[in-house]
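# Reading the structure
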Amino acid sequence: MVKKMKPTILKAKNEEDIDRLAQPILKKGFKEISKDELHIILKKRSFGSPVIHICFLLLIFFGSISFFHNVPFFNLIQDYNLNFIDYILQYFICFCYVVYIIFNLFIKTKVILITTETKDIDGNPIEFNTINDLE
């Protein structure tokens, strides 16, 4: 089951209250996506940890099984094509890196909706979060 990105919804009393609630959030690096007199939508993309990006890139550019050619286990499989295993490993690391980037962009991205409305399109009451839920 895929977890959908659910926005954090904050309640505001009026348009001035929307601006008051949005200012500290904007200072934390969020970008304004949409704004009118009833709501504002803020978004902050997550790209992941720079340390993990560096580790993946080092593995992609410099990771090779041939560095371990003196290890006894790799001497056993050296008769088989070691370059083939190297290619498979590189493709696997690249695949994992792409999955990591996509996961951060689509799952870890934070969206905040600050609105004055209390009911959704279907007329159901909206479940609001508190400002403490942003941490």
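A brief report on the enclosed structure follows. (Residues numbered from 1 in each chain as written. Predicted model: local features only at pLDDT ≥ 70, side-chain atom pairs only at ≥ 80, totals over all residues. Heavy atoms only, no water.)

As paired elements, strand S2 (residues 31-35) and strand S3 (residues 39-44) share four bridges and run antiparallel to each other. Across the sheet, Lys 31 pairs through a bridge with Lys 43, a residue of S3. What sits between S2 and S3 in their antiparallel hairpin is a turn of three residues. (Pairing = 2+ DSSP bridges. Helix = DSSP H or I, 4+ residues; strand = E, 2+ residues; numbered from the N terminus.)

The strand order across the open sheet formed by four strands is S1-S4-S3-S2, and the pairing between neighbours is mixed. Only two strands of the sheet have a single partner each, and these edge strands are strand S1 (8-11) and S2. Going across the sheet, the axis of each strand differs from the next one's by a mean of 20°, ignoring polarity. (Axes fitted to C-alpha atoms, helices over the stretch in contact; angles between N-to-C directions.)

Turning next to the side chain of Gln 90. Checked against the element boundaries, Gln 90 lands in helix H4 (residues 82-106). Within the structure, Gln 90 has its side chain in polar contact with the backbone oxygen of Ile 60 (distance 3.1 Å). Once residues lying within four places of it in the same chain are set aside, the contact partners of Gln 90 are Leu 59, Ile 60 and Gly 63. (Polar contact = N/O pair within 3.5 Å; in protein donor to acceptor, adjacent residues only side chain to side chain. Contact = heavy atoms within 4.5 Å.)

The first and last C-alpha atoms of helix H2 (residues 50-62) sit 18 Å apart over 13 residues, in line with the 18 Å expected at 1.5 Å per residue. Regarding H2, the residues found buried are His 53, Phe 56 and Ile 60. Down the axis of H2, the smallest arc covering the buried residues is 70°, so these residues share one side. Those residues of H2 that are exposed and angled more than 90 degrees off the buried face are Pro 50, Val 51 and Phe 62. (Expected span 1.5 Å × (residues − 1). Buried < 20%, exposed > 50% of the residue type's maximum accessible area, 1.4 Å probe, protein only. Arc of directions from axis to C-beta.)

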